[in-house]
Amino acid sequence: MIDIRLLRDNPDAVRASQRARGEDLDLVDAALAADARRRSSLAEFESRRAEQKAMGKQVAQATGDEKAALIGRTKQLAQEVKDHQAAVNEAEAELDELLFRIPNIVEGAPAGGEEDFVTVKAVGTPRDFAAEGFEPRDHLDLGEGLGAIDTQRGAKVSGSRFYFLTGVGARLELAILQAAMDKAVAEGFTPMITPTLVTPETMRGTGFLGEHSDEVYRLERDDLYLVGTSEVALAGYHGDEIIDLSDGPKRYAGWSACYRREAGSHGKDVRGIIRVHQFHKVEMFSYCSVDDAEAEHQRLLAWEEAMMAAVELPYRVIDTAAGDLGTSAARKFDCEAWLPTQQRYLELTSTSNCTTFQARRLNVRERAEHGTRTVATLNGTLGTTRWIVAILENHQQPDGSVRVPEGLRPYLGGLEVLEPVR
RNA sequence: GGAGACGUCGCAUAGUCUGGUCUAGUGCGCCACCCUGCUAAGGUGGUAACGGGGCAACCCGUUCGCGGGUUCAAAUCCCGCCGUCUCCGCCA
């Protein structure tokens, strides 16, 4: 949720953000009007209520006829209080509904849609397979050869976009995730294994139930949602708390399964395990002061890049355009690894600065000089199942074996090469 | 799944039976000052959040797990829900 004060004091800033995202501008004026209505009805209610309370004290002290007379007069007042209360509730609900639909204020992201990203940098050089004299195989081909990925049985058991990681495939995923966890712990993060089912309030608070609620699995019978990332649970972790950030940001590394319906992705990435309904991820999550958020975002990006280096992949960093940002994000950087068989870059990490947007909904604050203030939240990927795709393709050898990047060897018992089983 | 107990301003508690002086008391913790003078102890005062109004001092309102209801008036009475604990049942 955006800051209502910003909306009041500087509606043009909100309009500019909406424009950059390609979102509805009318929402801004509708919210302003609802806010004005709410405040005026609140003032009405409060003055009646103050009167009622004052008279209540007189009633308590009065006796006999005097008391009966007072009670007669307060009945009318009680009805008025009730009516005004209803008006306030109505105006408030309307305002909430409108505010909920306004995504976070963009901060520094390029304007435009999915194609309008800015490449921040490119690191490493994609291999020249032609020069090496062989045609690269795609990750599924390689994965099946290694006995690492089984999509056929995944579909048999659970339907399309499900898979089994088998043998060395399972080990490779664990290696990626453990390397990510170790990196996080080395950088001072608190490792966390998080719930993957959360309440509607938690899901709403993190901004995943707005425009993109189609992406989310819901268990109707229990009124719970399956998370698409541990960010959801980690953002809810300090919900309704006043936290102490005087020693710097609170950093958590969440390990969890992630579930996504992939409702809008029919026909996209259908082969292999690039886009699946369930995967695992190690996610960095940081609560920090607003003033420190931009610097923290750069730190998260740097840690992601360190992981990219550890798995020895050529990649680029992109600054995502406003129209392609999530609801909660003010700015987002992705690390995309080169995918040789598709001659394109594939998103492996994504780090978002959500500024105060999530924290305001979830009511996470810190002590300030006067009272409290909402903190900023940030998140970023440190390792996922999808990394297997890029690792297999980029480190493949002519015989279908795959070289294990040095950063992962300690997690695979020193294994240097994954050998085909057939 | 069943039964019971509980949920109060950081923590611990009083208040609920018997609705109104609860403007929610007390202890601990924390902050400031004072006294004292050194392994300390004591005194005084202050210490919730949110919203509205105001240049400000301040004023008003909301919040006693959440949501309804009764009433002139609800921490207190009624209903529903959520959570915690104990016991029982079932199951891995």
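Before reading on, note that the structure itself is shown above.
Residues numbered from 1 in each chain as written. Chains lettered and ligands numbered in written order. Predicted model: local features only at pLDDT ≥ 70, side-chain atom pairs only at ≥ 80, totals over all residues. Heavy atoms only, no water.

Undergrad: Could you give an account of the overall build of chain A, naming the residues involved and the relevant values?
TA: In terms of helices and strands, chain A carries 13 helices and 18 strands. Taking the principal axes of the C-alpha coordinates as reference, chain A spans close to 105 × 45 × 40 Å. Evaluated residue by residue, chain A yields a buried proportion of 49% over its 422 residues. Considering only intrachain contacts with a sequence separation of at least 6, the fraction spanning at least 24 residues in chain A is 73%. Looking at chain A as shown, the accessible area adds up to about 20,000 Å², and 48% of this sits on carbon and sulfur atoms. In chain A, the 50 positive side-chain charges and the 68 negative ones have mean positions that sit 4 Å from each other. (Helix = DSSP H or I, 4+ residues; strand = E, 2+ residues; numbered from the N terminus. Buried < 20%, exposed > 50% of the residue type's maximum accessible area, 1.4 Å probe, protein only. Contact = heavy atoms within 4.5 Å. Areas by Shrake-Rupley, 256 points an atom, 1.4 Å probe, with all protein chains shown as cover. Lys, Arg positive; Asp, Glu negative; His and termini not counted. Charge placed at Lys NZ, Arg CZ, Asp CG, Glu CD.)

Undergrad: So what about the protein's contact with RNA strand B? Which residues, and what values?
TA: Neighbouring RNA strand B are 23 residues; R8, R49, K75, R365 and T372 lie closest to it. R38 has a polar side-chain atom sitting 3.1 Å from a sugar or linking oxygen of RNA strand B. K53 is positioned such that a nitrogen or oxygen atom in its side chain is 2.9 Å from a phosphate oxygen of RNA strand B. Of all the secondary-structure elements, those providing two or more residues to the surface near RNA strand B are α1 (4–9), α3 (26–61), α4 (64–100) and β14 (364–367). Considering each element in turn, the surface near RNA strand B owes the most residues, twelve residues, to α3. (Near = heavy atom within 4 Å. Polar contact = N/O pair within 3.5 Å; in protein donor to acceptor, adjacent residues only side chain to side chain.)

Undergrad: Tell me about the pairing of strand β10 (residues 278–288), and name the residues and values.
TA: Of all eleven residues in β10, nine are buried; the element is thus mostly enclosed. Examined bridge by bridge, strand β9 (residues 250–259) and β10 share ten bridges and lie antiparallel to one another. Looking at the pairing, W255 lines up with V282 of β10. Across eight bridges, β10 lies against strand β16 (residues 376–384) in antiparallel orientation. Counted as the bridge partner of F285 is N379 from β16. (Pairing = 2+ DSSP bridges.)

Undergrad: If you had to explain the nonpolar core to someone new, which residues and values would you point to?
TA: Ranked by internal contacts, the top residues of the largest apolar core, which has 56 residues, are L392 and L408. In terms of residue count, helix α8 (residues 168–186) provides more of this core than any other element does, nine residues in total. In this structure, L392 is in contact with H139, L142, G143, L146, I149, L172, V402 and L418, ignoring residues within four places of it in sequence. (Core = buried A, V, L, I, M, F, W, Y, C linked by side-chain atoms within 4.5 Å.)

Undergrad: Give a description of unusual backbone geometry that names residues and reports values.
TA: The residue R161 is not glycine, and still its phi comes out positive at about 65°. If you trace the backbone, R161 turns up in the loop between α7 (151–158) and β3 (164–165). Residue R161 is classed as buried on the basis of its relative accessible area, which comes to 15%. Backbone geometry places N363, a non-glycine residue, at a positive phi of 60°. With respect to the helices and strands, N363 occurs in the loop between α12 (357–362) and β14. In this structure N363 comes out as partly exposed when scored by relative accessible area, which is 27%.

Undergrad: Any chance you could break down the packing of helix α2 (residues 11–21) against α3 for me, citing the residues and the numbers?
TA: As a packed pair, α2 and α3 sit with axes 9 Å apart at the nearest point and diverge in direction by 150°. Seen along the crossing, α2 lies across α3 with a hand that is right-handed. On α3, the residues touching P11, V14, R15 and Q18 of α2 are L27, V28, D29 and L32. By residue class, the composition of the contact of α2 with α3 is five nonpolar, one polar and two charged. (Axes fitted to C-alpha atoms, helices over the stretch in contact; angles between N-to-C directions. Left-handed = near helix turned anticlockwise from the far one by under 90°. Nonpolar A, V, L, I, M, F, W, Y, C, P; charged D, E, K, R; others polar.)

Undergrad: Go over the pattern of salt bridges with me, naming the residues and quoting the values.
TA: Across all of its chains, the model carries 31 salt bridges by this definition. Notably, a salt bridge pairs E80 with R48, separated by 2.7 Å at the nearest N-O pair. You can see E80 sitting in helix α4 and its partner R48 sitting in helix α3, a full 32 residues away along the chain. Look at E80 and you get partly exposed, because its relative accessible area is 24%. A single network of salt bridges, built from pairs that share partners, joins R8, D35, R38, R39 and E92. (Salt bridge = Lys/Arg side-chain N within 4 Å of Asp/Glu carboxyl O.)

Undergrad: Before we move on, could you go through a negative patch on the surface and cite the residues and values that matter?
TA: Taken together, the side chains of E114, E115, D116, D324 and E347 make up a negatively charged region of the molecular surface. Of note, D116 is situated in the loop between α4 and β1 (118–123). (Patch = residues over 30% accessible without salt bridge, like charges linked within 9 Å, V, L, I, M, F, W, Y side chains within 5 Å.)

Undergrad: Summarise α8; cite the residues concerned and give the values.
TA: The terminal C-alpha atoms of α8, which comprises 19 residues, lie 26 Å apart, in line with the 27 Å expected from a rise of 1.5 Å per residue. Taken together, the buried positions of α8 are V168, G169, L172, E173, A175, I176, L177, A179, A180, M181 and A184. Residue G188 follows α8 closely and has a positive phi angle near 95°. (Expected span 1.5 Å × (residues − 1).)

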